[in-house]
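# Coordinate inspection notes
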Amino acid sequence: MSGQTLWYGVSSIAARFLNYLLFPYFTNILPVEAYGEMSLVYSLIPFLNVLFTYGLETAYFRYVQQKGREQTVYDTITSSLLISTVSFTLILILFRHQFADLISVGNHPEYITYSAFIIGLDALTTISFAKLRQEGRPVKFALVRVSGILINIAVTVFLLSVCPAILKNNPDSPVGFFYNPAHGVTYLIIANLVQAAFTFLALSKEFFSFRFRIDKALWKEILLYSLPLAVAGFGGMINETFDRIMLGWWSTSASPNTEIGIYSGCYKLAILISLFVQAFRLGAEPFFFKQAQGEDAPRTYARVMKFFVITICFMFLVVALYLDTWKLLIRRPIYWQGLKVVPILLFANMFLGIYYSLSIWYKLTGKTRVGMSITFIGAAITIAINAAFIPRFGYMACAWATFLCYGSMMVISFTRGQKVYYVPYAWKKLVAYMVIVALLYFIHLGFEAIGLNVWFNRAFATAELLAFTWFILNVERKEFAKLPVIGRFLHKNA
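Since the model is a prediction, treat every value here as computed from it, not as a measurement.

## Here's the deal with the overall build of the protein chain
In terms of regular secondary structure, the protein chain is built from 24 helices and zero strands. Accessible area of the protein chain: about 21800 Å², with a carbon and sulfur share of 66%.

## Let's talk about the nonpolar core
Counting residues in each nonpolar core, the largest one holds 150 residues, and the members touching the most others are Tyr60, Tyr263, Phe316 and Ile354. Element by element, the count of residues in this core is highest for helix α15 (residues 297–320), at 14 residues. Not counting chain neighbours up to four residues away, the residues in contact with Tyr60 comprise Val73, Tyr74, Ile77, Ile127, Ala130, Lys131 and Gln134. Counting residues in each nonpolar core, the second largest holds five residues, with Phe129, Leu132, Phe141 and Leu203 among its members.

## A look at the packing of helix α3 (residues 32–53) against helix α9 (residues 184–202)
Between α3 and α9, the least distance of the axes is 10 Å, while the angle of their chain directions is 35°. Here α3 runs over α9; the crossing is right-handed. Listed contacts from α9 to Ala34, Glu37, Met38, Val41 and Tyr42 of α3 are Val185, Leu188, Ile189 and Asn192. Of the residues contributing to the contact of α3 with α9, the split by class is seven nonpolar, one polar and one charged.

## Digging into the packing of aromatic side chains
The geometry of an aromatic ring pair is captured by two quantities: the separation of the ring centres and the angle between the planes. Counted by the stated rule, this structure contains 34 aromatic pairs. Taking the centre distance of 5.5 Å and the plane angle of 55° together, the rings of Phe52 and Phe88 count as tilted. One end of the pair, Phe52, is in helix α3; the other, Phe88, is in helix α5 (residues 70–94), with 36 residues separating them in the sequence. According to the relative accessible area criterion, Phe52 is buried, its value standing at 1%. With a relative accessible area of 24%, Phe88 lands in the partly exposed category. One aromatic cluster is present, built from ring pairs that chain together Phe316, Phe347, Phe351, Trp400, Phe403, Tyr441 and Phe442. Above the face of the Tyr74 ring, Lys131 is positioned so that its terminal group lies 4.4 Å from the ring centre.

## Focus: the environment of Gly176
As for its placement among the helices and strands, Gly176 is situated in the loop between α8 (138–169) and α9. Judged by relative accessible area, which is 40%, Gly176 ranks as partly exposed. Considering only alpha carbons, one finds Gly176 and Pro164, twelve residues apart in sequence, at a separation of 9.1 Å.

## Concerning the packing of helix α19 (residues 368–393) against helix α20 (residues 395–420)
Viewed as axis vectors pointing N to C, α19 and α20 meet at an angle of 160°, and their least axial separation amounts to 8 Å. On the basis of the axis angle, α19 is roughly antiparallel to α20. Of the two elements, α19 crosses α20, and the hand of that crossing is right-handed. On α20, the residues touching Val370, Ile374, Thr375, Ile377, Gly378, Ile381, Thr382, Ile385, Asn386, Phe389, Ile390 and Phe393 of α19 are Tyr395, Met396, Ala397, Cys398, Ala401, Leu404, Cys405, Ser408, Met409, Ile412, Ser413 and Arg416. A class-by-class count of the residues in the contact of α19 with α20 yields 17 nonpolar, six polar and one charged.

## Observations concerning the pattern of salt bridges
A pair can form between side chains of opposite charge whenever their charged atoms are brought close. By the definition in use, this model includes eight salt bridges. Between Asp75 and Arg213 there is a salt bridge whose closest N-O contact spans 2.8 Å. On the criterion of sequence distance, the pair formed by Asp75 in helix α5 and Arg213 in the loop between α10 (204–207) and α11 (216–240) is long-range, its members being 138 residues apart. Overall, Asp75 belongs to the buried group, its relative accessible area being 1%. By relative accessible area, which is 28% here, Arg213 ends up partly exposed. Between Asp324 and Arg458 there is a salt bridge, and its shortest N-O distance comes to 3.5 Å. One end of the pair, Asp324, is in helix α16 (residues 323–326); the other, Arg458, is in helix α22 (residues 454–475), and 134 residues separate them in sequence. When salt bridges that share partners are traced, they join Arg137, Lys140 and Glu206 into one network.

How each quantity is defined
Residues numbered from 1 in each chain as written. Predicted model: local features only at pLDDT ≥ 70, side-chain atom pairs only at ≥ 80, totals over all residues. Heavy atoms only, no water. Helix = DSSP H or I, 4+ residues; strand = E, 2+ residues; numbered from the N terminus. Areas by Shrake-Rupley, 256 points an atom, 1.4 Å probe, with all protein chains shown as cover. Core = buried A, V, L, I, M, F, W, Y, C linked by side-chain atoms within 4.5 Å. Buried < 20%, exposed > 50% of the residue type's maximum accessible area, 1.4 Å probe, protein only. Contact = heavy atoms within 4.5 Å. Axes fitted to C-alpha atoms, helices over the stretch in contact; angles between N-to-C directions. Left-handed = near helix turned anticlockwise from the far one by under 90°. Nonpolar A, V, L, I, M, F, W, Y, C, P; charged D, E, K, R; others polar. Phe/Tyr/Trp six-rings, centres within 6.5 Å; stacked < 30°, edge-to-face > 60°. Lys NZ or Arg CZ within 6 Å of the ring centre and 35° of its normal. Parallel < 35°, antiparallel > 145°, perpendicular 65-115°, else oblique. Salt bridge = Lys/Arg side-chain N within 4 Å of Asp/Glu carboxyl O.

Below is the structure:
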């Protein structure tokens, strides 16, 4: 797993990090209200991605394990995906005005039109990416992902910076025939459309390797497995992105889009943990399915979970303890008033990552409806808290709703999963690690309250981080001793 996970993980982190580099650029070049509009559009896209793919990616990983039926599975899933994608894209375009009103951007139905093509192209490449992962071809996977992001960045900078500069120096330039400075958010979406089109072309060989046919019996079996995952995915997107849309519905602020922009900007500072969670999911899901038949599978899952939790604990400290440095990525101080949501969202994403790792029990046992019910519970918590508290507390309600939602899903999945598919997680130790990092953060807040120089605060943060590192290396010495580089170091210092 380690070699391929490295490729999938590094490429995913690199791709999302490159995309993340646009974040300070966006917050600097766009008005806060426009950034809020952009956030609303990008809250809808992942939600519709779930509809367009309806759990087929996970279903592919499960059913392609059937020896001798690999091509039939690929043909059936891809054919089904092609039919549904064309249908859903047409519906989305026909009802673009209604969808624009739904997400509070009613004056810009063109956002929905462009987004429909992005979602459609992304859906068609989903199984192609999955095919690369299943066949153990991480290099192409990585190249396509990273190249797509680089193209996105190039087109974005061209449209938002190069074109205005050309027009400023030469008002009669041909650029003026197609460029309008007022269409900032539209150009951002167009850049993503270019990326989606490039990705589809780059994976065209994998995509068109299918023969249009649907094995009806297999298709029904796949849908019974995948549709609960899709429904769960809807709930997941409510938990993950729909809070921005709900903030637009229920905010009592004089400028809801400004509040959405501030919340979305500060949410980006929790990106470190979510980057790792995404990379972990890409590498771990096919690995977990392949390991399922082994006798030591539960112990392997428990060990993976331990290293996962330790890693995200370090990531929490790196962001939360140095938040006064991370905030400099956001050049406009108006965003800084929302920094108080960052530690809450960091912990929420820790819970989400643990939940993803725990969820393997219902995917392996085929009890995907349980996963659906857990996600619905989380969605209900998200909606209830946001509906009750957004009018009074604004985006703080969104942050705490996310925290309580993912925390509840994590606990429910663990308690249910241990009864069906027992995994010897060292859960008491892992909970202790999370409590310790939370205490270190609160201690740091107390130290900051003294009012010393910022460099004293950073020195104290570094001391806390080193202390936690020393603590973990001593408690988990046996585990780390098994690792190649760290293990040799620990043996020398034993």
